[in-house]
Each structure stands twice: as structure tokens, then as C-alpha cells.
Amino acid sequence: NTQAVSIWGGEDGSYDSSTGVSSNPEYGKVFISIKSTTGQNLTSVQKSNLVSALAPYKVASVTPVIVDNETTFLILTSTIQYDSSSTTNTSSDIASLVTTTISDYNDSDLKNFNSPFRHSKLLGLIDNTDTSILNNTTTVTLAKLFTPTLSVSQDHVINLSNKLFNPHSGHNAAAGGIISSTGFYLNGVTTTTYFFDDDGIGNLRVYYLVRGSRTYQDATAGTVDYVNGRITINAIIITGIAEASSTQVRINAIPDSYDIVPVRNQILEIDLVNTKVSTSVDAT
């Protein structure tokens, strides 16, 4: 049932059930993350059985620990310019072809351990999708989902494991920094939708909109470690998810580099639902 495996020694990182995988060393352990053929994480029984099966092969006091894999999503915004005189394809045809190119790259180069996202490679593939394409501008946003237990006080740690964009202290604070999220409800009230953003100096904030302006319910709702790509949400009682039929909140962050490298138990995957491709005819 195993599709792929990632293994690292405790000198390269550790795992804590409340904070997840980190770069802090934990000697005497070997961590194993498995991507199953079903796409589901191993059950507790499967993990226990695997540890037992590995027991005869242990070296001295080294302990194997099974860790769930985690998917970090990449949301792309791609703007295509093309020469309408050199193709019979319409604007929507070009967009559809590029979307297929992105999907193919997602399948061939990502969705596995140790498979980095190479921005320049994807740019080249997009440019080569059709001879009429002159150039493309493609930006990348990191995203991760978490599932809150509703009406229960919980803290959450979001490990993106890549440096986040923060060119100076207080960057873009008035407009919400580089963190965003989908909406959620607090205190059982469904008439006010709350969101996360940051202040550019490492504070995660919770806000709601009043006539289009951000009003902050909590200016210190957590922390943002821009260097290590780690977002910590302090204990919060989420009572509902604003997005219909969803049970999850999505946290978005702008990376410092568009080349994204997965580490340890991390798997990268392009979020094709939220990725946007737009086209325009070159006017020159």
C-alpha cells in the first residue's frame, strides 16, 4: 500500500504531536513518513504494526517513529500574453491549454516526497504550450489546510517549511501583510466572518470587514516566523466554517522565493481549483 517513503534521522529534525515536524534535533530516533497508494494516512494500527515489523532491524536504541505526510498546496496566478495573428486558438483555448500544462507538471514533477517546485521550469513549459504564447507572468502562493474541532479551544501550528516574504519589518501591515485565509465564525455568530492576516512584524491577527475595511478582533492571535515558514495560531474557539460544505480553514502565505522545496514529511501539490489562468492579446 506504499507509494512513496521519506526517512530522516533525528539529527535532521523531530516530531511533536502538537506542533508537528520541525528542524529541532531529536537524537535516537528515525522518522518515517509514508504516502499510501490510497492517498490516506496510515491508521494507528498500521503505524503500530510497522514499528513492530521494524523492531528486529533496529540498531541499538534507535527508535522508529511513523509520521503522517503533509501536503502544502501551491496556488498559481498565471497571466499569459499571446500573438492572436499566429494562432487559430481563442483566448479561452489558450487558457485551457495552459491549465492542462500546469496539471501535467503537477502530476509529473510534484505530489511526492523530495519533489521541489521549480518556477523557471514551469514558466518554460507554459511558454511552450502554444507557439503563439509570447510570455507569461506566474506568481506562487503557499497554502495549507487545517481542520478545527468546532466549539473547542485549540491552537494550531502551520508548517510551510519555506522562508516567507518579509522584506522589512512591518511590510504591508495596513493591507494585511502576506498572510490570508478563508473565512470562519467565532462565538457561534454566523453573521460575522473572520479571517487571518499578519502585521509584518510577526504577529498573526484576526479581523472582520466593516464596509470593506478591516476591523481587528485580535491583533495578537498568534505568531508568524517568516524565516522558518511557521505560523502559530493561539488557542481559538472556531464555531463554524464560512465556506459552504467545507470543514477546513485554508491559510495562505507569500513565499520569499517561487522555487519551493519540500522537506521531511512535506509533499507539494498545485491547487488546481484555486489556480487562475488569464490570457490577453499582446498589443505591441
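Refer to the structure above for everything that follows.
Not measured: the values here are computed from a predicted model.

Caption draft 1: The overall build of the protein, seen in detail. Tallying secondary structure elements over the protein gives three helices and 17 strands in all. The principal-axis extent of the C-alpha atoms belonging to the protein is close to 70 × 45 × 40 Å. Across the 284 residues that make up the protein, the buried fraction comes to 40%. Sequence separation of 24 or more characterises 68% of the internal contacts of the protein that already satisfy a separation of 6 or more. A gap of 6 Å separates the mean positions of the 16 positive and 25 negative side-chain charges of the protein.

Caption draft 2: How the structure looks around the packing of aromatic side chains. The tally for this structure, following the rule as stated, stands at six aromatic pairs. Their ring planes at 35° and their centres at 4.8 Å tell us that Phe-184 and Phe-196 sit as a pair that is tilted. With Phe-184 in strand β10 (residues 184-186) and Phe-196 in strand β11 (residues 194-198), this pair connects stretches of sequence that are 12 residues apart. By relative accessible area, which is 0% here, Phe-196 ends up buried. An aromatic cluster is present here, built from Phe-195, Tyr-207 and Tyr-216 joined pairwise through their rings.

Caption draft 3: Highlighting the layout of surface pockets. Here the largest pocket defines a volume of roughly 760 Å³. Forming the boundary of the largest pocket are 28 residues, of which Asn-41, Asp-68, Asn-69, Glu-70 and Thr-71 lie nearest the centre. Looking at the lining of the largest pocket element by element, the count peaks at five residues for strand β8 (residues 153-159). Its residues assigned to classes, the lining of the largest pocket shows eight nonpolar, 13 polar and seven charged. If you add up the space inside the second largest pocket, you get close to 270 Å³. The wall of the second largest pocket is formed by 17 residues, among which Ser-22, Ser-23, Ser-161, Asn-228 and Arg-264 lie closest to the centre.

Caption draft 4: Main features of the environment of Thr-147. Looking at the element boundaries, Thr-147 is found in the loop between β7 (133-146) and β8. The partly exposed category is assigned to Thr-147, whose relative accessible area is 45%. Along the primary structure Thr-147 and Ala-221 are separated by 74 residues, whereas in three dimensions their C-alpha atoms are 17 Å apart. In this structure, Thr-147 is in contact with His-156, Thr-247 and Gln-248, ignoring residues within four places of it in sequence. Within the local environment of Thr-147, its side chain forms a polar contact with the side chain of Gln-248, the two groups lying 3.2 Å apart.

Caption draft 5: Spotlight on unusual backbone geometry. For Asn-114, which is not glycine, the phi dihedral falls at a positive 60°. With respect to the helices and strands, Asn-114 occurs in the loop between α2 (91-109) and α3 (119-127). The exposed category is assigned to Asn-114, whose relative accessible area is 56%. Here Asn-172, not a glycine, exhibits a phi torsion of approximately 60°, which is positive. Along the chain, the position of Asn-172 falls in the loop between β8 and β9 (179-181).

Caption draft 6: View of α2. Under the 1.5 Å per step criterion, the end-to-end length of α2 is 27 Å for 19 residues, consistent within 8% with the ideal 27 Å. Among the residues of α2, those classed as buried are Ile-94, Ala-95, Val-98, Thr-101, Ile-102, Tyr-105 and Asn-106. Seen along its axis, α2 keeps its buried residues to an arc of 140°; they face one direction. Exposed residues pointing more than 90 degrees away from the buried face of α2 are listed as Ser-92 and Ser-108. For α2, the elements touching its buried residues are β6 (70-82), α3, β7, β16 (266-270) and β17 (276-281). Looking at the residues trailing α2, positive phi occurs at Lys-111, about 60°.

What counts as what
- Residues numbered from 1 in each chain as written.
- Predicted model: local features only at pLDDT ≥ 70, side-chain atom pairs only at ≥ 80, totals over all residues.
- Heavy atoms only, no water.
- Helix = DSSP H or I, 4+ residues; strand = E, 2+ residues; numbered from the N terminus.
- Buried < 20%, exposed > 50% of the residue type's maximum accessible area, 1.4 Å probe, protein only.
- Contact = heavy atoms within 4.5 Å.
- Lys, Arg positive; Asp, Glu negative; His and termini not counted.
- Charge placed at Lys NZ, Arg CZ, Asp CG, Glu CD.
- Phe/Tyr/Trp six-rings, centres within 6.5 Å; stacked < 30°, edge-to-face > 60°.
- 1 Å grid on protein atoms, 1.4 Å probe; cavity = no way out; pocket = protein on both sides within 12 Å on 5 of 7 lines; lining within 4 Å.
- Points joined across faces, edges and corners; volume = space filled by probe spheres on them.
- Nonpolar A, V, L, I, M, F, W, Y, C, P; charged D, E, K, R; others polar.
- Polar contact = N/O pair within 3.5 Å; in protein donor to acceptor, adjacent residues only side chain to side chain.
- Expected span 1.5 Å × (residues − 1).
- Arc of directions from axis to C-beta.

None of the figures reported here should be taken as evidence of function without further support.
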